[in-house]
Amino acid sequence: MRTPHTPTHHLAHSDGPGPDRVPSTRSPYDELAALAEDPAGGPQDGPLDDFLRADEAPDQRDDDTDDAWAPPNHRRRGRRRNRATGLPTMLRLTVWVLTFACLVALADRWALLYAERQAADRLKDRLHLTAAPEVRIGGFPFLTQLLDQRLDSVQVTVPDVPADRVTLTQVTATARDIRIDGDGPTAVRGALVHQMHGQVLLSFADMNRELGASQVAFSAQGPGRIRALGSLRLAGHDVRVRADAHIQRDGDRGISTSVDGMRLDIGDLATYRPGTGRTEGLHLTRAAARRVTQEADKVKALLGVPEIVHRMGVPDSAVHAALHDEDKLHRLTGAPRFLHQLTRVNLVDVALAHPEVLKRLGVDLSLLTSLTKLTRPQIADRFDFAFRIPNPPSGDLRLQRVAVDKDGIHVYVSGAGLLLGK
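The model shown is predicted, which means the values in this text are computed figures rather than measured ones.

What follows is about the overall build of the protein chain. Of the regular secondary structure elements, the protein chain holds 16 helices and 16 strands. Out of the 422 residues belonging to the protein chain, those deemed buried represent 33%. Here the analysis covers contacts within the protein chain between residues at least 6 apart in sequence; of these, 50% occur between residues at least 24 apart. Summed over all atoms, the accessible surface of the protein chain reaches about 27300 Å², with 54% contributed by carbon and sulfur.

Listed below in structure tokens is the structure:
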């Protein structure tokens, strides 16, 4: 029986040269053990150990890197800390500045309102007004103007100012470059107005109420002209009144009215114009004259008055033929010239001498008497609304122009160097 043979490796190994070198036989296990041994006699890490610890090396390096000490950068951290702490400081400063500005603005507005109220009360007392006017002080800020004792502008609006027979609906004045004399908003003694422009409104509504007593209505007729339409009660009859008034300046401080075109209509029968002129007096309307020519008895009554025939310029022969022949009468009254001349006859001239003629025409003698007593100045007085602006104690205040608009009469004034409150 053969014994098993263990293979061996013959390594060329000798301590020295020579042919008599004896090869040493070494087990592979011994070689592995030799690799694992430390030359100093202790265990040594081999390739296997290095491989097994390869995964642990990065963690160890990371831990070493994180735990490594480095000198602090004081400059960078200091800059970051200054930004963080400086932002709230600027915010607080901004809030304080805005709060202070709001308080100053509120104080300025309060002082302005107080000054406006004081000025309105003083104007109310001086002008004896029923209501305080509206005062608006311009410019901002007000306190700096007060300290400088100068105001940029002041606007005053005064409603319902009495002026003779009428009430001025609204007076608006704007003063500029005002020098004030006082120690503050509560102690203003006076003011010097270097320049002022104003406007006075006299509305037609107020004129209708005060002058017309709800019986006369005023309206714009054209540049500088107004028309008045209304009614009067005379001798138990309603007489319609119509007049045209021209508005004009009266010097440098007043306006006046000149009334013309006055006419009183007695229905559609006759028209009365006060005065003694050729076109004035009592005249038949064209419609009434046409109706008269269609009634033979009324025409014969007119032709029977020599004053009327002579005023119409009808020849006596034609009158005689018309009174005795109906056909000639109709031809005479049908002529256009006869109708026109009939409307020009003043019935007032024949009223006293021939009252029966007026009765046939339908004219009431009592009404005619009342009309003749109503003179032209009396009618014009109903539409008189002249007024004058007050004369200032110092400076110059004058009227510039007068205009008529759909809402009323506008009067424009200007002034300079006006001293107020002293």
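Our next topic: the packing of helix H8 (residues 296–303) against helix H11 (residues 326–333). It is at 11 Å that the axes of H8 and H11 come closest, and there the two elements cross at 80 degrees. Judged on the interaxial angle alone, H11 and H8 are roughly perpendicular. Taken together, the residues of H11 that come into contact with H8 (itself represented by Ala-296, Val-299, Lys-300 and Leu-303) are Glu-326, Leu-329, Leu-332 and Thr-333. Here the contact of H8 with H11 is built from residues that sort into 5 nonpolar, 1 polar and 2 charged.

With that out of the way, let us pick up the pairing of strand S15 (residues 408–416). Summarising burial for S15: 7 of the 9 residues are buried, a large majority. Sheet topology note: the strand S14 (residues 396–405)/S15 ladder contains 9 bridges and is antiparallel. Residue pairing in the sheet places Leu-397 in a bridge with Gly-415 of S15. In this structure, the hairpin formed by S14 and S15 is closed by a connection of 2 residues.

This part covers the pattern of salt bridges. Under the criterion given, the structure shown has 17 salt bridges. Across the salt bridge formed by Arg-209 and Asp-206, the nearest N and O atoms sit 2.9 Å from each other. Residue Arg-209 and its partner Asp-206 are both found in helix H6 (residues 204–210); the two are separated by 3 residues, about one turn of the helix. Note that Arg-263 and Asp-265 form a salt bridge whose closest N and O atoms lie 3.1 Å from each other. Looking at Asp-265, the relative accessible area reads 14%, which means it is buried. Each member of the salt-bridge network shares a partner with another, and the members are Glu-116, Glu-134 and Arg-136.

The subject of this paragraph is the packing of aromatic side chains. Taken as a whole, this structure holds 1 aromatic pair when the rule is applied. One Lys or Arg, Arg-401, reaches over the ring of Tyr-412 and ends 4.1 Å from the middle of that ring.

Consecutive side chains along a regular strand alternate between the two faces of the sheet. Strand direction decides the pairing type here: strand S8 (residues 225–234) and strand S9 (residues 237–250), joined by 10 bridges, are antiparallel. Of the residues in S9, the one forming a bridge with Arg-233 is Asp-238. From the end of S8 to the start of S9, which pair antiparallel, there are 2 residues, and Ala-235 there has a positive phi angle of about 50 degrees. For S9 and strand S10 (residues 254–266), the ladder comprises 10 bridges, and the chain directions are antiparallel. Each residue of the ladder has a partner; that of Ala-245, found in S10, is Val-259. Linking two consecutive strands that pair antiparallel, namely S9 and S10, is a turn of 3 residues; a positive phi of about 75 degrees is found at Gly-251 within it.

Contact geometry for helix H7 (residues 286–293) and helix H12 (residues 336–343): axes closest at 9 Å, N-to-C directions at 125 degrees. As judged from the angle between their axes, H7 and H12 are oblique. The two elements H7 and H12 meet at a crossing, and its hand is right-handed. Between H7 and H12, the residues in contact are Arg-286, Ala-289, Arg-290, Val-292 and Thr-293 and Phe-338, Leu-339, Leu-342 and Thr-343, respectively.

Below, the discussion takes up the environment of Thr-375. Counting through the fold element by element, Thr-375 comes out in the loop between helix H15 (365–373) and helix H16 (376–382). The sequence separation of Thr-375 and Arg-273 amounts to 102 residues, and the corresponding C-alpha distance is 9.4 Å.

This next bit is on H8. Those residues of H8 that sit buried are Lys-298, Val-299, Ala-301, Leu-302 and Leu-303. Buried residues along H8 sit in contact with H7, helix H9 (306–312), helix H10 (316–324), H11, H12 and helix H14 (355–361).

Attention shifts here to unusual backbone geometry. Apart from glycine, the bulk of residues carry a negative phi angle, and the bulk of peptide bonds sit in the trans form. At the junction of Phe-140 and Pro-141, the peptide bond is cis and its omega measures out at -5 degrees in the coordinates. A positive phi angle, close to 55 degrees, is found at Gln-149, a residue other than glycine. Here Gln-149 shows up in the loop between helix H5 (142–147) and strand S4 (150–163). Even without being a glycine, Asp-160 presents a positive backbone phi close to 55 degrees.

With that settled, consider the nonpolar core. Core analysis: the largest hydrophobic core is formed by 92 residues, its most contacted members being Phe-218, Leu-264 and Phe-385. Looking at which element gives the most residues to this core, the answer is S4, with 6 residues.

Those residues of H11 not exposed but buried are Leu-329, Leu-332 and Thr-333. One side of H11 carries all its buried residues, which in axial view fall inside an arc of 90 degrees. Capping the start of H11, Asp-325 holds a side-chain oxygen 3.0 Å from the backbone nitrogen of Asp-327, two or three residues further along.

Quick look at the environment of Arg-227 now. Inspection of the secondary structure assignment puts Arg-227 in strand S8. Sequence separation of Arg-227 and Val-259 is 32 residues, and the distance between their C-alpha atoms is 9.6 Å. When neighbours within four sequence positions are excluded, Arg-227 is seen to be in contact with Ala-217, Phe-218, Ser-219, Gln-221, Arg-242, Ala-243 and Asp-244. In terms of polar contacts, Arg-227 uses its side chain to reach the side chain of Asp-244, at 2.9 Å.

Rules of the game
Residues numbered from 1 in each chain as written. Predicted model: local features only at pLDDT ≥ 70, side-chain atom pairs only at ≥ 80, totals over all residues. Heavy atoms only, no water. Helix = DSSP H or I, 4+ residues; strand = E, 2+ residues; numbered from the N terminus. Buried < 20%, exposed > 50% of the residue type's maximum accessible area, 1.4 Å probe, protein only. Contact = heavy atoms within 4.5 Å. Areas by Shrake-Rupley, 256 points an atom, 1.4 Å probe, with all protein chains shown as cover. Axes fitted to C-alpha atoms, helices over the stretch in contact; angles between N-to-C directions. Parallel < 35°, antiparallel > 145°, perpendicular 65-115°, else oblique. Nonpolar A, V, L, I, M, F, W, Y, C, P; charged D, E, K, R; others polar. Pairing = 2+ DSSP bridges. Salt bridge = Lys/Arg side-chain N within 4 Å of Asp/Glu carboxyl O. Phe/Tyr/Trp six-rings, centres within 6.5 Å; stacked < 30°, edge-to-face > 60°. Lys NZ or Arg CZ within 6 Å of the ring centre and 35° of its normal. Left-handed = near helix turned anticlockwise from the far one by under 90°. Core = buried A, V, L, I, M, F, W, Y, C linked by side-chain atoms within 4.5 Å. Arc of directions from axis to C-beta. Polar contact = N/O pair within 3.5 Å; in protein donor to acceptor, adjacent residues only side chain to side chain.

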